[in-house]
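Okay, here's what each chain looks like letter by letter:
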2 protein chains.
Amino acid sequence: MASLQTQLQHKINTKTKPVGALGMLETIALQVGLIQETLCPSIQSPAIIVFAGDHGIAANGLVNPYPQAVTAQMVLNFLAGGAAINVFTKQNNIQLFVVDAGVKADFSKVTDHSSFIHAKQAMGTENYFATAAMTEVQALASIEAGKKIVTDIAAKGTNCIGFGEMGIGNTSSAALIMSAITGFSIEECTGRGTGASDEQLANKIDALRICLLKHQVFNLGEAPIQLLSKIGGFEIAMMVGAYLSAAENKMIIVVDGFIATAALLIAQKIAPSVLNNCIFAHTSGEQGHEKMLDYLKIKPILNWGMRLGEGTGAALAIPLVRSAVAFLNEMASFEQAGVSSKAE
Amino acid sequence: MASLQTQLQHKINTKTKPVGALGMLETIALQVGLIQETLCPSIQSPAIIVFAGDHGIAANGLVNPYPQAVTAQMVLNFLAGGAAINVFTKQNNIQLFVVDAGVKADFSKVTDHSSFIHAKQAMGTENYFATAAMTEVQALASIEAGKKIVTDIAAKGTNCIGFGEMGIGNTSSAALIMSAITGFSIEECTGRGTGASDEQLANKIDALRICLLKHQVFNLGEAPIQLLSKIGGFEIAMMVGAYLSAAENKMIIVVDGFIATAALLIAQKIAPSVLNNCIFAHTSGEQGHEKMLDYLKIKPILNWGMRLGEGTGAALAIPLVRSAVAFLNEMASFEQAGVSSKAE
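Residues numbered from 1 in each chain as written. Chains lettered and ligands numbered in written order. Predicted model: local features only at pLDDT ≥ 70, side-chain atom pairs only at ≥ 80, totals over all residues. Heavy atoms only, no water.

(A) Just helix α9 (residues 224-231) of chain B, in detail. If you check which residues of α9 of chain B are buried, you get Pro 224, Leu 227, Leu 228, Ser 229 and Ile 231 of chain B. Tucked inside the fold, the buried residues of α9 of chain B contact α5 (136-155), α6 (170-182), α10 (234-248) and α11 (258-270) of chain B. (Buried < 20%, exposed > 50% of the residue type's maximum accessible area, 1.4 Å probe, protein only. Helix = DSSP H or I, 4+ residues; strand = E, 2+ residues; numbered from the N terminus. Contact = heavy atoms within 4.5 Å.)

Rendered as structure tokens:
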């Protein structure tokens, strides 16, 4: 009997269209069929989880134009429904979960939001300009927390998931992770984040170069837990666990932008097969993301200069993943429709 | 008082996100606001119209690997709901209309489909390898028919529209139109269509070069009606009228691929302001489309190698246009959400 891949490709090729005419949708349809191990895949209760955490290095404004307080303010904006990710998940019928992974604010009184998940590891990381961002115990605990959150959501029937983040200063952490794992220089990995000026960008690169040397980050590409401990963030560590659990649960993972991909770089170091489940939503406008994707040998779905985080790229791409599944299940074949196939 | 454009840009910039962070979605939101002349635009009853027509040149298999009968067979597939455009319009809640612009088959007995529009000009065009494809009277009548179809749909409240096509052999007509209007050589304009082999492609180019010379196509860039008459198609001529009417009715026009853009090349020759209403869905995998878009100085929404026609690219892009409108209307501003703006 032909392999599932061969059968899926045959099903795709005999739809009433020229072979290959649906381009990347055909690639996605094949991948989704292989992830779900079926000729008739489906997208069930898709979800986006936004992990929020503060970064000690952001307290002094060294690497970020927005004040650190914006992380907590944006969490409240998510809960009130006013952020971009609220708009796009609502429009596209996607569940939204918001996780306090380590925001420097007390959310213990937020008890009336079914979509808010309390998983605070600390009131933000330490400032890795001075010391390690977190302990290795905290890094591991964050990964485990991320795994549990996704496992719980999978248990309720979700089979397609995207991860977003909010954390002032977290493009710096992501740039250091990228440099450690890919070997690109810190200049190549560092971008403007939420909108640094030329001068701010130069300062950010200088600061990150010092952190790189201080923590010997370039030696930690093969040591994910140490890397997270030295220069990571709680939201990033939780995303690492989230990827691992999503792949274990055979979910379709829709990968967002720069920071989400930095977390994936770590997850694929721990379990390379995670990449089999990943569909890449977009190329971020944040400098470095395109190089990350090149490193992973990936061509994403969208490329239109978004750089917002929050999982917004993933939320916009999920309808296109739905389209891939829909044509595979619903289009007629040449035979079914009585359409003549190509004269060879 | 500030201009509408300034007010729209201010509204976009004060949403809870870094300035520019939603990339091309912000460009689209601005454009849609300007088309509808409002700070609060909306997408109402979006529609795709598929214009179908046969091409005399397709009868001998000179330029196309699929038999000419496929045009009519695919029209029946559209009516039965089995084609890609059926799947994507259903998924994305888009109305679908199918027009018999000039298919070489009798559809007079199809009377029970509310979405099927009878506008047959002839049983396919003449073979422009031998003679003109249609008379100038037919070209004008086709344009008028396309205008009327869109005017009728606009009258029912649709304010966002995309045009697709079905017609075996119509990439040849589109290539000749492209060459006439843009000045690119016929080699640069001619692609594989539904999937010509290397040898078929070489034959297609040779045949089109003969047609180019025979009809002096390179002199007709400023004479749209003559151009359509010599080497056009009924579905292409109808799309020209459809674009003109859509712009007159202040509709958002979502432009599909190679053939849809060839028709637009003609429409913008007749009324250059049509382009103000156009959002370009995708870069087709059909050779030549990217050069057409360069000629129009356009960067489309999607670029993933689709080359199916039928309006499928437009149908996939409409949810993204909806996202642009949704963030403009629904996202909180920094002030509304109590989020600190950038520290300058």
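(B) Examining the packing of aromatic side chains more closely. For the structure shown, the criterion picks out eight aromatic pairs over all chains. With a centroid separation of 5.0 Å and 90° between ring planes, the pair formed by Phe 163 of chain B and Tyr 243 of chain B is classed as edge-to-face. You can see Phe 163 of chain B sitting in strand β4 (residues 160-166) and its partner Tyr 243 of chain B sitting in helix α10, a full 80 residues away along the chain. For the pair Phe 163 of chain B and Tyr 243 of chain B, a shared accessibility class is recorded, and that class is buried. Among the aromatic side chains, those forming a connected cluster through ring pairs are Phe 51, Phe 163 and Tyr 243 of chain A. (Phe/Tyr/Trp six-rings, centres within 6.5 Å; stacked < 30°, edge-to-face > 60°.)

(C) The relation of the copies chain A and chain B, seen in detail. Superposing chain A onto chain B takes a rotation of 180° plus a shift of 0.0 Å along the axis, which leaves an RMSD of 0.0 Å. Here the symmetry operator amounts to a two-fold rotation axis. Closest approach to the rotation axis within chain A is made by the C-alpha atom of Leu 302 of chain A, at a distance of 3.1 Å. Counting the interface residues of chain A, we find that 100% of their copies in chain B are interface residues as well, pointing to one common contact surface. (Least-squares fit on C-alpha atoms with pLDDT ≥ 70 in both.)

(D) Quick peek at the pairing of strand β5 (residues 252-255) of chain B. Residue and element names in this part refer to chain B. Taking every second residue as pointing to the same face, both faces of β5 are buried, with Ile 252 and Val 254 on one and Ile 253 and Val 255 on the other. Summarising the sheet, β4 and β5 pair through three bridges and their orientation is parallel. Bridged to Ile 161 within β5 is Ile 253. Judged from the three bridges that link them, β5 and strand β6 (residues 278-280) form a sheet pairing that is parallel. Residue pairing for β6: Val 254 is matched across the bridge by Ile 279. Taking the sense of rotation as the criterion, the β-α-β connection linking β5, α11 and β6 turns out right-handed. (Pairing = 2+ DSSP bridges. Right-handed = clockwise from strand over helix to strand, strands pointing away.)

(E) Representation of a nonpolar patch on the surface in the model. Residue and element names in this part refer to chain A. Nonpolar side chains collect at one region of the surface, where Leu 62, Phe 129 and Ile 210 lie side by side and expose about 230 Å² of accessible area between them. Note on placement: Ile 210 falls in helix α8 (residues 198-214). Assessed through its relative accessible area of 45%, Ile 210 is described here as partly exposed. (Patch = residues over 30% accessible without salt bridge, like charges linked within 9 Å, V, L, I, M, F, W, Y side chains within 5 Å. Areas by Shrake-Rupley, 256 points an atom, 1.4 Å probe, with all protein chains shown as cover. Salt bridge = Lys/Arg side-chain N within 4 Å of Asp/Glu carboxyl O.)

(F) How the structure looks around the interface of chain A and chain B. Contacts between the two partners involve 56 residues from chain A, matched on the other side by 56 residues from chain B. Taking both partners together, chain A and chain B bury about 4,600 Å²; carbon and sulfur atoms supply 62% of that area. Contact with chain B buries surface across chain A, with Tyr 66, Trp 304 and Lys 342 of chain A losing the most and accounting together for 15% of the total. For Lys 90 of chain B, the salt bridge identified is with Glu 330 of chain A, shortest N-O distance 3.8 Å. One can count 18 residue pairs in polar contact (both at pLDDT 80 or more) joining chain A with chain B. Listed by contribution, the elements that provide at least two residues to the side of chain A that touches chain B are α2 (24-36), α3 (70-80), α4 (84-91), α13 (312-330) and α14 (334-337) of chain A. When residues of the side of chain A that touches chain B are assigned to their parent elements, the largest contribution, eight residues, is made by α13 of chain A. Class assignment for the residues of the side of chain A that touches chain B results in 32 nonpolar, 16 polar and eight charged. (Buried area = accessible area lost by both parts, 1.4 Å probe. Polar contact = N/O pair within 3.5 Å; in protein donor to acceptor, adjacent residues only side chain to side chain. Nonpolar A, V, L, I, M, F, W, Y, C, P; charged D, E, K, R; others polar.)

(G) Spatial organisation of α5 of chain B. Residues and elements named next belong to chain B. Its 20 residues place the ends of α5 29 Å apart at the C-alpha level, agreeing with the 28 Å of an ideal helix rising 1.5 Å per residue. Where α5 is concerned, the buried positions are Ala 139, Ser 142, Ile 143, Ala 145, Gly 146, Ile 149, Val 150, Ile 153 and Ala 154. Of the surrounding secondary structure, the elements contacted by the buried residues of α5 are β1 (47-53), β2 (95-102), β3 (116-118), β4, α9 and α10. The first or second residue beyond α5 is Gly 157, which carries a positive phi of 110°. (Expected span 1.5 Å × (residues − 1).)

(H) Summary view of unusual backbone geometry. One non-glycine residue with positive phi stands out, namely Ser 45 of chain A, at about 40°. Residue Ser 45 of chain A is classed as partly exposed on the basis of its relative accessible area of 36%.

(I) Expanded view of the nonpolar core. By size, the foremost hydrophobic cluster in this structure holds 126 residues, and its most contacted members are Ile 301 and Trp 304 of chain A together with Ile 301 and Trp 304 of chain B. If near-sequence neighbours (up to four positions away) are discounted, Ile 301 of chain B is found in contact with Trp 304 of chain A together with Met 24, Ile 28, Ile 279, Phe 280, Ala 281, His 282, Ala 317, Leu 320 and Val 321 of chain B. Counting 72 residues, the second largest nonpolar core, distinct from the first, contains Tyr 128, Cys 211, Leu 228 and Leu 293 of chain A. (Core = buried A, V, L, I, M, F, W, Y, C linked by side-chain atoms within 4.5 Å.)

(J) Examining the environment of Gly 157 of chain B more closely. All names here are of chain B. Locating Gly 157 in the fold gives a position in the loop between α5 and β4. Sequence-wise, Gly 157 and Leu 316 are 159 residues apart; in three dimensions their C-alpha atoms are separated by 21 Å. With residues near it in sequence (within four places) discarded, Gly 157 still touches Gln 44 and Ser 45.

(K) Local environment of the packing of helix α1 (residues 4-13) of chain A against α13 of chain A. Residues and elements named next belong to chain A. As a packed pair, α1 and α13 sit with axes 9 Å apart at the nearest point and diverge in direction by 80°. The orientation of α1 with respect to α13, classified from their angle, is roughly perpendicular. Touching Leu 8, Lys 11 and Ile 12 of α1 are Phe 327, Leu 328 and Asn 329, all from α13. Each residue belonging to the contact of α1 with α13 can be placed in one class, and the counts come to four nonpolar, one polar and one charged. (Axes fitted to C-alpha atoms, helices over the stretch in contact; angles between N-to-C directions. Parallel < 35°, antiparallel > 145°, perpendicular 65-115°, else oblique.)

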